[in-house]
Every structure is written in C-alpha cells, then in structure tokens.
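Coordinate inspection notes
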Amino acid sequence: MIFSKLDSIDQAKLKFEKGLEDFTIETEEINIIDGLDRILAQDIKSNIDIPEFNRSTKDGYAVKRSNIKQRKIIGQVNMGEKTELEITTNQAIYVPTGGMVPKGSDGIIMIEDVHKKDNVLLLNKSISFGENINFKGDEMKKGELLFSKGRKLTPSDIGTLASIGMSKIKVYKKLEFSIISTGDEIVDIDCKAINGKIRDVNKYSLSTEIERIGGKVSSSEIVKDDFELLRKATKRALELSDIVLISGGSSVGIKDYTLKVIESFDNSKVFVHGVSIKPGKPTIISKVGEKIVIGLPGHPTSSLIVFKVFIESFLNEKLNIDYGVRKMKAIIKENFENHTSRETYQLVSLEENKGDFYAIPIKGTSGMIYTLSKSHGYVIIKSKEKGLKKGEKRDVFFL
Ligand SMILES: Nc1nc2c(c(=O)[nH]1)N[C@H]1C(S)=C(S)[C@@H](COP(=O)(O)OP(=O)(O)OC[C@H]3O[C@@H](n4cnc5c(N)ncnc54)[C@H](O)[C@@H]3O)O[C@H]1N2
Ligand code: MOO
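In this text, all values refer to a predicted model and were calculated from it rather than measured experimentally.

**Concerning the overall build of the protein**
A tally of regular secondary structure across the protein gives seven helices and 28 strands. For 399 residues, the compact-globule estimate of 2.2 N^0.38 gives 21 Å, and the C-alpha radius of gyration of the protein, at 30 Å, exceeds that figure by more than 25%. Taken across its 399 residues, the protein has 45% of its residues classed as buried. In the protein, of all internal contacts separated by at least 6 residues, the share reaching a separation of at least 24 is 70%. Carbon together with sulfur atoms contributes 50% to the accessible area of the protein, which is approximately 21000 Å² in total. Between the averaged position of the 63 positive side-chain charges in the protein and that of its 56 negative side-chain charges there is a distance of 3 Å.

See below:
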C-alpha cells in the first residue's frame, strides 16, 4: 500500500547521510571582507599574542602600587611607540588609552582620580593590581585555537581575523541549488491568483532559506504537471547545480510525477519516499549521479520544514557547522491535541510574561505560509505523544 511504511525521521536522515556519503563540498580561498556567513574550511589559530604588549585601557598615569600618595611625573608614553621608560613606587608616567604600559607599573590611575601640579601627581584613590591594564595575551595567546572548521563567520569573527593580520581564509564553496516548482495551478508572482491558480510561494521562501544557510540559487522555473516537461527541467537543473529541489508532485496523486521522473534517470537512487513527519510526509530523498535531488511537498510550510529538517541538517552534519544555541525552554500556554502518529513539528509563537516565556501553538495547516511568519519556532511532538499539555516546559527550536 502506498505510504503504508514510512521511515522515521532518524531513519530518513541516516539513509540520506549514508546514501550521500561521497558528496563532497569544495573549498575556496576568499578575502575576509567577503567572509560574512561563510563556513570556515580550516581551523584558525592565533599567530600572535593580543595585546602584544601590556596596554592601558584608560587615559591616565602608570604607577607602581604603594602607599605613597605623591608621585613625580617622569615622562609620557606616545601612542604607537615602544617605551623604554621604567618606574618605581614614587613615580608616575602619563599613558593614553591603548598606550604601552611602562616596565615596573602594575596599574593605571585615571586622569579624573589624580591632581596634577607641575610634574607632581597627587593620587586621590588607591588602585588594585592590573587596574586599567590589558596584559599581553589577555585577549588571545599565540597558538590558541580561535575558530574551528565549520564556524559560520560573523562580523566580529571577521574583525578578529583582521586583528591577527589574516586577510585570506579557506571557506566552503557556496552550494548551488535549482528549484523546480511543479503544478498546473502554479503561476509566478506577477500573475493573478484567480480561477484555481495560486502564486509560486516555494520558489521565494526556499530561495531565501538557501541564501540563509549559505547556498546560492542557480536556476528556478515553474513546470506543469507533465512527465516529459518535468524530466527536461530536472535534466537542465542537474547540469546547473549541486542540489535540485523539486517542489510539489512528491505525493501519490495521478499527476504527481516527481518520483517517476527521478527514477527515469539511469544513474538515480531513491533512498527515501515517505517520512513519518508532520508536515512533510511525502518527502523524497535521492541522488542522480553525484547530485542530490529532493522531492519537497508542495505545501509551503511543509517544504520549508522539510528543507530545515533534512537538507539544512545534512549540510550541518557534513560541514560540522556550529550555529551556537538555537533553542530555548518555554511553558506551553494552552493544551494542544495532536491526532497523528507522525513526529510533529508544531509551530509556536513566543510571548514573555513577568520573566517567563510562553509558547502558544499556532493553528493552521501545512498548506499555509503566513502561519510560519506568525511563528517564532517549533516544538517537536514525538510520535507516541498525544499533544502538548498546558504548563509543561518544552524546547522551542528557532526557525
Ligand atoms: N492520498 C494522499 N494524498 C496526500 C497525501 C497522502 O499521504 N495520501 N499526503 C498529503 C500531504 S501530507 C502533503 S504534504 C501533500 C503534498 O503533496 P505534493 O508534494 O504532491 O504537492 P502538490 O500536490 O503538488 O501540492 C500540494 C499543495 O501545495 C500547493 N503548492 C504546490 N507547489 C506550490 C508552490 N510552489 N507554491 C505554493 N503552493 C504550492 C498546491 O497548489 C497544493 O495545494 O500531499 C497530500 N496528499
Ligand atoms: O506532510 Mo503534509 O506536509 O502534512 O501536509
């Protein structure tokens, strides 16, 4: 019987990983200025101590701590220059913010905490060891691992790379995707959605999701529910990209051709058709030659969730991508019944009340898209669970 046996999400993920074991992602060298959101393909260690010298964090006077309140000013440090000056307990040296702390000094007293008359300084307060000093290597030490392979680069990472003089880095090449939107009813954005027609949502949502995970879209087209037309479009897409996404036609309807088209290529291998996930049941995971071909459910929410659960996580695993924390605990605000044995990715919105975070289940069906916009994340309801209970604490995964 059709779809009588569905793979669990874990089984499907495993089949995807095993089937695409040989799928490799090339690397390239780029300038760091082009590195935002790119995925590092190398470990990066610091080649220097930063700061490279003991550095003042304030405009003030370098002193050596003692009970002596009155100090003789014996000179000043100039920015960007090495100082050979050295002090003892009854002396002080002017140091600007960022300037080199002279030998013998163990603290900087701020200008506003002293009285100066000619070359005599009166300290109005005592200071602690290391006050207002960044010691050599405080920020990073020579040889320290700064970023691991798989790091998705942020603006501060780019700044850190600049600080160690690294102008070029090795990153993974952007994967190229093709999107084929299938359906006799699908029209492009500038056409009217009347007489049973609907606008192509998936091309736009998927394209931007692809960009978000660091890929790029090489081609996209709308194709009618016609075997030959879809086969030709798939052949074109296979030539242009690493990953082909076919949205719609992945189910078992009379005019659902995605599976048949994939199987019509001699070098194709279908690993998964039908997953115990809601939304996303008719998902197809396959390869044609060395290219990945995914049959995404046409329903807009389903296609985006399936993209996240399978494609994004496949690439995350492959490249060991570290996004940091992408979930939080929240209290379920109202009971929510779930009448399916499929593992459910239930959309929720979040609200804060007196310091607690609440998750409110969003009602709607996977054929909608705006429901996803109203959501902040999703809660996973396991296949054996009957739903969500008001008051229980659950993980909310961000979209
Ligand atoms: N007999 C069964 N029918 C269905 C089953 C099933 O198990 N047995 N599963 C249902 C589930 S779950 C889903 S999900 C859908 C997915 O079906 P398809 O992947 O074949 O998608 P289509 O039928 O082509 O389209 C479904 C729906 O989505 C709209 N759509 C399609 N493409 C787009 C697009 N690019 N932008 C916006 N909307 C799109 C389309 O108009 C349909 O309304 O199958 C169920 N059926
Ligand atoms: O799996 Mo479908 O995506 O539930 O509507």
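**Notes on the pairing of strand β17 (residues 243-247)**
β17 sits mainly inside the fold: five of its five residues count as buried. A two-sided burial pattern is seen for β17, the buried positions comprising Ile243, Leu245 and Ser247 on one face and Val244 and Ile246 on the other. Pairing analysis gives five bridges linking strand β13 (residues 176-182) to β17, with the strands arranged parallel. By the bridge assignment, Ile179 is partnered in β17 with Leu245.

**Overview of the layout of surface pockets**
The calculated volume of the largest pocket comes to roughly 800 Å³. Together, 43 residues line the largest pocket, and Pro279, His299, Ser302, Thr365 and Ser366 are the ones closest to its centre. When residues of the lining of the largest pocket are traced back to their parent elements, those giving at least two are β13, β15 (198-199), α6 (300-319), β23 (336-337) and β24 (343-353). Taken together, the residues of the lining of the largest pocket break down into eleven nonpolar, 22 polar and ten charged. Taken as a whole, the second largest pocket holds about 600 Å³ of empty space. Taken together, 22 residues make up the lining of the second largest pocket; nearest its centre are Lys13, Ser313, Tyr345, Tyr378 and Phe397. Only α1 (9-19), α6, β24, β26 (377-381) and β28 (393-398) provide two or more residues apiece to the lining of the second largest pocket. Among the elements that take part in the lining of the second largest pocket, α6 stands out by supplying six residues, more than any other.

**Looking at the site of ligand 2**
Close to ligand 2 lie Pro279, Gly280, Lys281, Pro282, His299, Ser302, Arg342 and Ser366. Between an oxygen atom of ligand 2 and a side-chain N or O atom of Ser302, the distance comes to 2.4 Å. Here ligand 2 occupies the largest pocket. When grouped by side-chain class, the residues that make up the shell around ligand 2 number two nonpolar, four polar and two charged.

**Some details on the environment of Lys235**
With respect to the helices and strands, Lys235 occurs in helix α4 (residues 227-240). For Lys235, a relative accessible area of 42% gives the class partly exposed. The spacing of Lys235 and Val288 is 53 residues in sequence and 9.7 Å in space, taken between C-alpha atoms.

**Some words on the site of ligand 1**
Lining the immediate surroundings of ligand 1 are 24 residues, of which Glu185, Asp200, Val201, Ser250 and Lys281 lie closest. One of the backbone nitrogen or oxygen atoms of Ser251 is found 3.0 Å away from an oxygen atom of ligand 1. His299 places a main-chain nitrogen or oxygen 3.3 Å from an oxygen atom of ligand 1. Summarising the interface, the protein chains cover 72% of the accessible area of ligand 1, which totals 860 Å² for the free molecule. At a threshold of 2 Å from the grid points, most atoms of ligand 1 map onto the largest pocket. Broken down by secondary-structure element, the contributors of at least two residues to the shell around ligand 1 are β13, β15 and α6. Looking at the shell around ligand 1 residue by residue, the class counts come to eight nonpolar, eleven polar and five charged.

**Quick notes on the sheet that holds β17**
Two orientations exist for strands paired in a sheet by backbone hydrogen bonds: parallel and antiparallel. Across the sheet, which stays open at both edges, the six strands sit in the order β16-β13-β17-β21-β20-β18 with mixed pairing between neighbours. Each edge of the open sheet carries a strand with a single partner, namely β16 (216-223) and β18 (268-273). Here the strands of the sheet are splayed against their neighbours by 15 degrees on average, with no regard to which way each runs. Set on the sheet, α4 makes contact with β13, β16, β17, β20 (284-288) and β21 (291-296); between it and β13 the angle comes to about 170 degrees. Sitting on the sheet, α6 touches β13, β17, β20 and β21, and the angle it makes with β21 is about 155 degrees.

**Description of the environment of Asp200**
Counting through the fold element by element, Asp200 comes out in the loop between β15 and α3 (202-212). For the pair Asp200 and Ser218, spaced 18 residues apart in the sequence, the C-alpha separation amounts to 17 Å. What Asp200 contacts, discounting residues up to four positions off in sequence, is Ser181, Ile186, Val187 and Ile222. Looking at Asp200, its side chain comes within polar contact range of the side chain of Ser181, at 2.7 Å. A polar side-chain atom of Asp200 sits 3.1 Å from the main-chain amide nitrogen of Lys203.

**Some thoughts on the UniProt feature "domain: MoaB/Mog" (unreviewed entry) in the protein**
With numbering aligned to this structure, UniProt lists the feature "domain: MoaB/Mog" (unreviewed entry) at residues 178-317. The span residues 178-317 is 35% helical and 29% strand by assignment, and the distance between its end C-alpha atoms comes to 21 Å.

**Comments concerning the environment of Ser167**
Within the secondary structure, Ser167 sits in the loop between α2 (155-163) and β12 (168-172). Its relative accessible area of 48% is what places Ser167 among the partly exposed residues.

Rules used throughout
Residues numbered from 1 in each chain as written. Chains lettered and ligands numbered in written order. Predicted model: local features only at pLDDT ≥ 70, side-chain atom pairs only at ≥ 80, totals over all residues. Heavy atoms only, no water. Helix = DSSP H or I, 4+ residues; strand = E, 2+ residues; numbered from the N terminus. Rg over C-alpha atoms; globule rule 2.2 N^0.38 Å. Buried < 20%, exposed > 50% of the residue type's maximum accessible area, 1.4 Å probe, protein only. Contact = heavy atoms within 4.5 Å. Areas by Shrake-Rupley, 256 points an atom, 1.4 Å probe, with all protein chains shown as cover. Lys, Arg positive; Asp, Glu negative; His and termini not counted. Charge placed at Lys NZ, Arg CZ, Asp CG, Glu CD. Pairing = 2+ DSSP bridges. 1 Å grid on protein atoms, 1.4 Å probe; cavity = no way out; pocket = protein on both sides within 12 Å on 5 of 7 lines; lining within 4 Å. Points joined across faces, edges and corners; volume = space filled by probe spheres on them. Nonpolar A, V, L, I, M, F, W, Y, C, P; charged D, E, K, R; others polar. Near = heavy atom within 4 Å. Polar contact = N/O pair within 3.5 Å; in protein donor to acceptor, adjacent residues only side chain to side chain. Sits in = over half its atoms within 2 Å of the grid points. Axes fitted to C-alpha atoms, helices over the stretch in contact; angles between N-to-C directions. UniProt positions renumbered as here; feature names shortened; annotations may be inferred.

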